[in-house]
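# An overview of the molecular structure
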Amino acid sequence: MSRPRTPAAVVLLSAALLASAVAGLALGPVRIAPGQVLDIVLGGPGARTGAFASIVWDVRMPRVLLGAVVGAGLAVAGTVLQALVRNQLADPFLLGASSGASLGAVLVIVLGAGAAGTAGALGGIGAPGVPAAAFAGSMGALVAVYAMARRGGTMTTGRLVLAGVAVQYVLSALTSLVLVLAAHPDQIRSVLFWTLGGLGGARWDELALPATALLVGTALLTALARPLDLLLAGEEGARTLGLDTGRFRAAVFVLTSLVIGVLVAYSGAIGFVGLMVPHAARMAVGAGHRALLPVAALGGAVFLTLADLLARTAAAPEEIPVGVVTALVGGPFFLWMLRRSTRVEGVAG
């Protein structure tokens, strides 16, 4: 059940997203007044000429849009994964899905199956092997973590976290090995920067695929809100109410992996968005997924847009990978959640 305050949350987050987008367009090495940004964006053709207009439309707008799309998608994926494994510590990054997607994408990049450079400079649409490989890596990582964490029909928080961390370390090590053995050493720095999470290579012609993955994935997952709610009642309860939990979980794992793979192919591995945002969304609108998923999507878009703004302005003219910013925020949050979860399990035991 959604709470009556769901419409208010949607309105507030939409306003916050608009404000963060304007800030993202206005701030940077070259500062542009917010009013001038609005004139450029909302004005006629005459307002879209000149140096400031070029900065807004050609450089910052694709980056802000990609950040919003990736943030929304990671938040939705994290919300769904937490329901599938019935564990609020689940996250695309912590479960190895992002690392698996990165490994798949880097293999295609470095081995030349797609093109050279970073994923953002690959021409993702022109190099379909990158999103496809990222999807395969994401799916493989999720299946491996789930298989290792589920033993004897049960899954504990500790086992899930350990399995996710183990798979993540292995996949990260393999990614590093691929980079070390790359045939073109000049690619290593740019690809390594991308693996830490970055939106600097965003281009207009590369927004269609991640935006489509977000819209279609979120729509399908929202349509599955009721069975996702049933999973919260536990395996037996869901089966009693007529849900084929095994088939449903497998199908949603595939769909979620597809969304994660496409997003990571364009942004690199950005962690903790799918961990933190769902918790904040539940506090706002409750656990019902029909309201939770859209609110989480808006929250994720706002969060990553602001995180990317901080990443490119905090140490200007140098740019910090946005994945580093989200990790600095999400790491302490994860430790707090882990301690809280461990305390609850100890009391329950």
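Residues numbered from 1 in each chain as written. Predicted model: local features only at pLDDT ≥ 70, side-chain atom pairs only at ≥ 80, totals over all residues. Heavy atoms only, no water.

So, on to the overall build of the protein chain. A tally of regular secondary structure across the protein chain gives 14 helices and zero strands. Here the protein chain, with 349 residues, has 53% of them falling under the buried criterion. By sequence separation, contacts in the protein chain at least 24 residues apart represent 77% of the contacts at least 6 residues apart. With the model as given, the accessible surface of the protein chain reaches about 15,100 Å², and the carbon-plus-sulfur share is 70%. (Helix = DSSP H or I, 4+ residues; strand = E, 2+ residues; numbered from the N terminus. Buried < 20%, exposed > 50% of the residue type's maximum accessible area, 1.4 Å probe, protein only. Contact = heavy atoms within 4.5 Å. Areas by Shrake-Rupley, 256 points an atom, 1.4 Å probe, with all protein chains shown as cover.)

Here the focus is the nonpolar core. Core analysis: the biggest nonpolar cluster contains 82 residues, and Leu-81, Leu-84 and Phe-253 have the highest contact counts within it. At 13 residues, helix 3 (residues 51-84) tops the list of elements feeding residues into this core. Counting residues in hydrophobic clusters, the runner-up holds twelve residues, among them Ala-21, Ala-53, Val-56 and Val-64. (Core = buried A, V, L, I, M, F, W, Y, C linked by side-chain atoms within 4.5 Å.)

This paragraph deals with unusual backbone geometry. Its identity as a non-glycine residue notwithstanding, Arg-86 has a phi of 55°, on the positive side. Secondary-structure assignment places Arg-86 in the loop between helix 3 and helix 4 (97-111). The class of Arg-86 is partly exposed, set by a relative accessible area of 47%.

The next thing to look at is the packing of aromatic side chains. Summed over all chains, the structure comprises four aromatic pairs. Where Phe-93 meets Phe-272, the ring centres are 5.8 Å apart and the plane angle is 45°; that geometry is what we call tilted. One end of the pair, Phe-93, is in the loop between helix 3 and helix 4; the other, Phe-272, is in the loop between helix 11 (245-267) and helix 12 (273-285), and 179 residues separate them in sequence. Neither residue differs from the other here; Phe-93 and Phe-272 are each classed as buried. (Phe/Tyr/Trp six-rings, centres within 6.5 Å; stacked < 30°, edge-to-face > 60°.)

Locating Val-264 in the fold gives a position in helix 11. Taking the C-alpha atoms as reference points, Val-264 and Ala-97, separated by 167 residues in sequence, lie 9.4 Å from one another. Excluding residues within four positions of it along the chain, Val-264 makes contact with Ser-98, Ala-101, Ser-102, Trp-194 and Ala-269.

With that out of the way, let us pick up the packing of helix 2 (residues 34-42) against helix 3. At a minimum axis distance of 10 Å, the contact between helix 2 and helix 3 shows a crossing angle of 80°. Classed by the angle they form, the pair helix 2 and helix 3 counts as roughly perpendicular. Mapping the contact onto sequence places Gln-36, Ile-40 and Val-41 in helix 2 and Phe-52, Ala-53, Val-56, Trp-57 and Met-61 in helix 3. Residue composition of the contact of helix 2 with helix 3, by class: seven nonpolar, one polar and no charged. (Axes fitted to C-alpha atoms, helices over the stretch in contact; angles between N-to-C directions. Parallel < 35°, antiparallel > 145°, perpendicular 65-115°, else oblique. Nonpolar A, V, L, I, M, F, W, Y, C, P; charged D, E, K, R; others polar.)

Turning to the environment of Gly-67, a few remarks are in order. With respect to the helices, strands and loops of the structure, Gly-67 is situated in helix 3. Relative accessible area serves as the criterion here: at 1%, Gly-67 is assigned to the buried category. Sequence-wise, Gly-67 and Leu-199 are 132 residues apart; in three dimensions their C-alpha atoms are separated by 6.7 Å. Residue contacts for Gly-67: discarding those within four places in its chain leaves Leu-199, Leu-304 and Thr-305.

With that settled, the discussion passes to the pattern of salt bridges. As a working rule, side chains carrying opposite charge can pair if their charged atoms are close by. Following the criterion strictly, the structure yields six salt bridges and no others. Residue Arg-203 is joined to Glu-206 by a salt bridge in which the shortest nitrogen-to-oxygen separation is 3.5 Å. Of the residues examined, Arg-203 reaches a relative accessible area of 32% and is grouped as partly exposed. A relative accessible area of 3% places Glu-206 in the buried class. (Salt bridge = Lys/Arg side-chain N within 4 Å of Asp/Glu carboxyl O.)

Next up on the list: the packing of helix 1 (residues 6-26) against helix 2. Axes are the key here: two packed helices are described by the angle between their axes and the distance separating the axes. Running from amino to carboxyl end, helix 1 crosses helix 2 at an angle of 100°, the nearest separation of the two axes being 9 Å. Relative to helix 2, the element helix 1 lies roughly perpendicular. Mapping the contact onto sequence places Val-22, Leu-25 and Ala-26 in helix 1 and Pro-34, Val-37, Leu-38 and Val-41 in helix 2. By residue class, the composition of the contact of helix 1 with helix 2 is seven nonpolar, no polar and no charged.

Once that is clear, we can look at the side chain of Arg-249. Of note, Arg-249 is situated in helix 11. With relative accessibility at 6%, the residue Arg-249 sits in the buried group. Among the polar contacts listed, one links the side chain of Arg-249 to the backbone oxygen of Leu-84, at a separation of 2.8 Å. With near-sequence residues (within four places) excluded, Arg-249 lies in contact with Leu-84, Tyr-146, Leu-231 and Glu-235. (Polar contact = N/O pair within 3.5 Å; in protein donor to acceptor, adjacent residues only side chain to side chain.)

On the surface, Val-170, Leu-174, Leu-177, Val-180 and Leu-181 cluster together into a nonpolar patch covering about 490 Å² of accessible area. With respect to the helices and strands, Leu-174 occurs in helix 6 (residues 157-180). (Patch = residues over 30% accessible without salt bridge, like charges linked within 9 Å, V, L, I, M, F, W, Y side chains within 5 Å.)

Summarising the element assignment, Ser-138 is placed in helix 5 (residues 129-149). Sequence-distant contacts of Ser-138, that is, excluding residues within four places in its chain, are made with Ala-97, Gly-100, Ala-101, Ser-257, Ile-260 and Gly-261.

Turning our attention to helix 8 (residues 208-223). Look at helix 8: 22 Å from first C-alpha to last across 16 residues, which is about the 22 Å you get at 1.5 Å a residue. All buried positions along helix 8 are accounted for by Pro-210, Ala-213, Leu-214, Gly-217, Thr-218, Leu-221 and Thr-222. Taken end-on, helix 8 shows its buried residues confined to a sector of 135°, consistent with a single buried face. Pointing more than 90 degrees away from the buried face of helix 8 are the exposed residues Leu-215 and Ala-223. (Expected span 1.5 Å × (residues − 1). Arc of directions from axis to C-beta.)

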